[in-house]
Amino acid sequence: MPDQVRGRSWFGEEWLGKGFVFRDTIDLAYGLVQLKGGPCGLLAAVQAHVIKNLVNATAFTCVANGRLRPTVTHARLALIQSIAEMAWQAGKHANRAVIVITSAGVASGDALTDSLEYHTFTNYAATAGFIESHISQFMTHDGPSHGIIQLLLSLILSRGVDRIRQDMDTAEQTLMGRHSYCTQDMVNLALMGAAISNLHDGDVHLGGDTVLKGVHSRADIGQLSLFEHYNNIRVGDHVKNPVHPIFVICSESHYTVLFGLDALPTARDLGHKTRFDVFYYDGLANQPEEIRLTVTSKAAVAGGHGGSPGAGGAATDAMYGRSAGKSVGPGRDHDDLEPPIELCLRTKWVNAHVDWNGTEPLL
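The rules behind the values
Residues numbered from 1 in each chain as written. Predicted model: local features only at pLDDT ≥ 70, side-chain atom pairs only at ≥ 80, totals over all residues. Heavy atoms only, no water. Helix = DSSP H or I, 4+ residues; strand = E, 2+ residues; numbered from the N terminus. Contact = heavy atoms within 4.5 Å. Areas by Shrake-Rupley, 256 points an atom, 1.4 Å probe, with all protein chains shown as cover. Pairing = 2+ DSSP bridges. Axes fitted to C-alpha atoms, helices over the stretch in contact; angles between N-to-C directions. Buried < 20%, exposed > 50% of the residue type's maximum accessible area, 1.4 Å probe, protein only. Parallel < 35°, antiparallel > 145°, perpendicular 65-115°, else oblique. Left-handed = near helix turned anticlockwise from the far one by under 90°. Nonpolar A, V, L, I, M, F, W, Y, C, P; charged D, E, K, R; others polar. Arc of directions from axis to C-beta. Polar contact = N/O pair within 3.5 Å; in protein donor to acceptor, adjacent residues only side chain to side chain. 1 Å grid on protein atoms, 1.4 Å probe; cavity = no way out; pocket = protein on both sides within 12 Å on 5 of 7 lines; lining within 4 Å. Points joined across faces, edges and corners; volume = space filled by probe spheres on them.

### Side note on the overall build of the protein
So, point 1. Looking only at helices and strands, the protein has 13 helices and twelve strands in total.
So, point 2. Taking as baseline every contact in the protein between residues at least 6 positions apart, the subset at least 24 positions apart corresponds to 63%.
So, point 3. Total accessible area computed for the protein in this model is approximately 15600 Å², and 51% of it derives from carbon and sulfur atoms.

Following this line, the structure appears as structure tokens:
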């Protein structure tokens, strides 16, 4: 398993002792906190699952006045459900889930695994019940437990090391890259239950035994990537048009989350009257307030029908030296003037104009 995670080394301080802790502000009570760079891919995947379970909860309501406002209890319940769902999604081929927790009163030895317990379940209810009774182990920072690592190991053992190797393009790939960053394989394991190495639709055969493995069905949670804007990868429709209006965003080696509370347009070109809000969350940025983005078509803005009053819209365009309704051409010189999140959004909606509604755009 160590080789599968990260070559010959285990986890650094970015991962050790870190868990899933929510923000203590009302406006961002759904948001998980990331203390150090490294596990953002896994954290963003969990964040996306938590938002999905909050928005679609049937036992309680978290959406009020067009905003997501869960209580502490709601967020905790959504996290329990998310961990259980992710483990079962990874282990569905074997109809099982494996949950890893830290053994009580056991000092860590030379290997991290010396202090861990592994529990196998053959039904979802028992899995969720076990997680609920041990959820405190997953929700602490800098304690004796390792919530983020426990979840990753749970996903690996639920999926199985051999099956994970089969998911990947090559057997030499790992779930963790340089600087303790999550690879695309790990993010896909967390979001889809399989450690697929790419985001394009279907497999791409390059000749001989070389196959770039992709996504074969519509994803529950979507993904957008700045790498696609620079033509380094292709993100397929299965991932761009997910079941739920929630996206994990990959930008400059960092993963964040974008979500809507209502269905989002699937067309590449936004209609003249199309207008919708999405919310952006970055667990590492310690953002002081909720970020609401209003998306319209560039044509609508140019015609004076899009955006909203305030510091966004035309003011945002002026701030970055561009004309409303006019696309900034390719190339990093010009792209440096555009917030990366906007470039990511335009890989899905090519003519999108983004109004930051008074929030300073994130560069």
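Additional details are given in the paragraphs that follow.
### As for the sheet that holds strand β10 (residues 275-281)
So, point 1. The sheet built from six strands is open, its strands ordered β7-β8-β9-β10-β11-β12 with mixed pairing. If you trace the sheet from one side to the other, it starts and ends with β7 (222-225) and β12 (352-355), each paired once. Ignoring which end each strand starts from, the neighbouring axes of this sheet average 30° apart.
So, point 2. Pairing of β10 with strand β11 (residues 291-297) involves six bridges; the strand directions are antiparallel. Note on β11: the bridge partner recorded for Phe276 is Val295.
So, point 3. Along the sheet face, helix α2 (residues 40-55) touches β8 (246-251), β9 (254-259) and β10 and points at about 15° away from the line of β9.

### Considering the environment of Thr170
So, point 1. Summarising the element assignment, Thr170 is placed in the loop between α6 (161-167) and α7 (184-192).
So, point 2. Its relative accessible area of 35% is what places Thr170 among the partly exposed residues.

### Here's the deal with the pairing of β10
So, point 1. When you tally the buried positions in β10, you get five out of seven residues, the bulk of the element.
So, point 2. Relative to β10, β9 is paired through three bridges, and the arrangement is antiparallel. Paired with Leu258 across the bridge in β10 is Tyr280.

### Digging into the packing of helix α3 (residues 72-91) against helix α4 (residues 124-133)
So, point 1. Contact geometry for α3 and α4: axes closest at 9 Å, N-to-C directions at 135°. Of the possible angle classes, the one that applies to α3 and α4 is oblique. Crossing hand, α3 versus α4: right-handed. Counting all contacts with α3, which are made through Arg76, Ile80, Gln81, Ile83, Ala84, Glu85 and Trp88, the residues of α4 involved are Tyr124, Thr127, Ala128, Ile131 and Glu132.
So, point 2. Counted by class, the contact of α3 with α4 contains seven nonpolar, two polar and three charged residues.

### Looking at α4
So, point 1. All of the buried residues along α4 are Thr127, Ala128, Phe130 and Ile131. End-on view of α4: buried residues confined to an arc of 160°, all on one side of the axis. Every exposed residue of α4 that faces more than 90 degrees away from the buried side is listed here: Ala125 and Ser133.
So, point 2. Packing partners of the buried residues in α4 comprise α3, β3 (97-102) and β4 (116-121).
So, point 3. Measuring from the backbone nitrogen of Ala125 back to the side-chain oxygen at the start of α4 gives 3.3 Å, which picks out Asn123 as the cap.

### Concerning empty space enclosed by the protein
So, point 1. All chains considered together, the criterion is met by three cavities of 30 Å³ or more.
So, point 2. Each pocket or cavity is described by its volume, and for the largest cavity that value is around 90 Å³.
So, point 3. Every residue lining the largest cavity is listed: Leu32, Val33, Gln34, Cys40, Leu43, Ala44, Gln47, Tyr255, Thr256, Val257, Tyr281 and Gly283.
So, point 4. Looking at the lining of the largest cavity, the elements that each hand over two or more residues are α2 and β9.
So, point 5. At four residues, the largest contribution of residues to the lining of the largest cavity is made by α2.
So, point 6. Taken together, the residues that form the lining of the largest cavity break down as eight nonpolar, four polar and no charged.

In short, shape yes, function no, at least from these values alone.
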